[in-house]
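The primary structure of each chain is shown beneath.
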Amino acid sequence: MTHEKIPREYGRPWSDYELLDAGEGKKLERWGTIITIRPEIQANCKSGWSYSQWQDMAHWEFEEQSSSQGRWLNIKPHAPEQWLICYENLSFGLKLTKFKHVGLFPEQQANWRFIKERLGAGQKVLNLFAYTGAASLVAREAGAEVVHVDSVKQLITWANENKERSNLSDIKWVHEDALKFARRELKRGNQYDGIIMDPPAWGLGAKGEKWKLENNLAALIETAHGLMNPGAFLILNTYSPQIETADLAASAGQFFSAKQLEIRQLWMPAKTGKELYCGNLLRAIK
């Protein structure tokens, strides 16, 4: 994929998060006071700082043991395995998981800004594949009514803990396959002012159903379009190597006009001046 011709949207660092450096297949990040090294397939440049400098700074490094799992190596003694960080008025619990994630996708800050600008009191938002709930919390804090859907029970528990830490209330939690729930909402005639989707490239549904994004992309966009009030927004992020911006444009173009659509790449700048590609982003206004 050529990165040059497609507009870029950048996540921005904030007081409790920054991408410090990236390169040689890894990224160095600061989460509050904790610094991690994680594998990153898109970090295919030379790093700004040496690996020994990274090791001097980091508390934890993730070591891959298979294509999907691994273990965390402790670099600094007594470093916590769970800790809290803030984003504006919101508070998120982070922890080391065997899947290399810690509970937040910081490049999504680009979408949190968009959500905050677009939403107000009484509007309705559907967050599908909602993970630990950062976008749900941003929408709820803006005054929206939020329905949060994820097929993994533990992630809903994690999101609810983040809601309580952030002193928010009244988010509707749904433990369900996202596309199935969205299709039922369509049958029920429910409509939303914002739909947020961050689907995995592959995975399992709530009942163990196998999921591949490229097989479901058009159905997701079609269902979202049907659930949108006039003037509503859709945010769709993709990390799948099987889906390029042209695929997003082709699928979305069946339901939205070119004027209603915006397709960009999501990037994160590093403190060293490096830039990290973080996937593709579709936004649409109905």
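Summarised in this report is the structure supplied together with it. (Residues numbered from 1 in each chain as written. Predicted model: local features only at pLDDT ≥ 70, side-chain atom pairs only at ≥ 80, totals over all residues. Heavy atoms only, no water.)

## A few points about the sheet that holds strand β3 (residues 26-31)
- A sheet is described by the order of its strands in space; here 5 strands give the open sequence β2-β3-β4-β5-β6, paired in mixed fashion. Since the sheet does not close on itself, it has two edges, and those belong to β2 (17-23) and β6 (70-74), each with one partner. Averaged over all adjacent pairs, the angle separating strand axes in this sheet is 20°, with direction ignored.
- When strand β4 (residues 34-39) meets strand β5 (residues 60-64), the two strands line up parallel, connected through 2 bridges. Paired with T36 across the two strands is W60, which belongs to β5. (Pairing = 2+ DSSP bridges. Helix = DSSP H or I, 4+ residues; strand = E, 2+ residues; numbered from the N terminus. Axes fitted to C-alpha atoms, helices over the stretch in contact; angles between N-to-C directions.)

## Let's talk about the nonpolar core
- Among the nonpolar cores identified, the biggest contains 44 residues, and W31, I85, F92, L104, W112 and I115 are the most heavily contacted of them.
- Here this core takes 5 residues from helix α3 (residues 134-141), the largest share from any one element.
- Residues contacting W112, with those up to four places away along its chain left out, are W14, Y87, L104, F105, A134, A135 and V138.
- Among the nonpolar cores identified, the runner-up in size contains 34 residues, and M197, L227, L248 and A284 belong to it. (Core = buried A, V, L, I, M, F, W, Y, C linked by side-chain atoms within 4.5 Å. Buried < 20%, exposed > 50% of the residue type's maximum accessible area, 1.4 Å probe, protein only. Contact = heavy atoms within 4.5 Å.)

## Topic: helix α4 (residues 153-165)
- An ideal rise of 1.5 Å per residue puts 18 Å on 13 residues; α4 measures up with 19 Å between its terminal C-alpha atoms.
- Those residues of α4 that sit buried are L155, I156, W158, A159, N162 and K163. Buried residues in α4, looked at end-on, bunch into an arc of 160°, giving them a common side. Residues of α4 that are exposed and point more than 90 degrees away from the buried face comprise K153, Q154 and E164.
- Contact partners of the buried residues in α4: β8 (90-95), α3, β10 (145-150) and β11 (171-175). (Expected span 1.5 Å × (residues − 1). Arc of directions from axis to C-beta.)

## Brief notes about the pattern of salt bridges
- As enumerated under the stated definition, the model contains 15 salt bridges in all.
- Measuring nitrogen to oxygen at the nearest pair gives 3.2 Å for the salt bridge that ties E262 to R264.
- For E262, a relative accessible area of 29% translates into the label partly exposed.
- Exposure remark for R264: the relative accessible area of 24% places this residue in the partly exposed category.
- Look at the salt bridges and you will find they share partners, linking E9, R113, E262, R264 and R283 into a network. (Salt bridge = Lys/Arg side-chain N within 4 Å of Asp/Glu carboxyl O.)

## Some details on the packing of aromatic side chains
- Counting across every chain of the model gives 11 aromatic pairs.
- Between W14 and Y87, the ring centres sit 5.0 Å apart and the planes meet at 75°, which makes this aromatic pair edge-to-face. Taken together, the positions of W14 in the loop between β1 (8-10) and β2 and Y87 in strand β7 (residues 82-87) put the pair 73 residues apart, joining distant regions of the chain. When sorted by exposure, W14 lands in the same class as Y87, which is buried.
- One aromatic cluster is present, formed by W14, Y17, W31, Y87, F92 and W112 through successive ring pairs.
- Sitting above the plane of the W158 ring, K95 keeps its charged end 4.4 Å from the centroid. (Phe/Tyr/Trp six-rings, centres within 6.5 Å; stacked < 30°, edge-to-face > 60°. Lys NZ or Arg CZ within 6 Å of the ring centre and 35° of its normal.)

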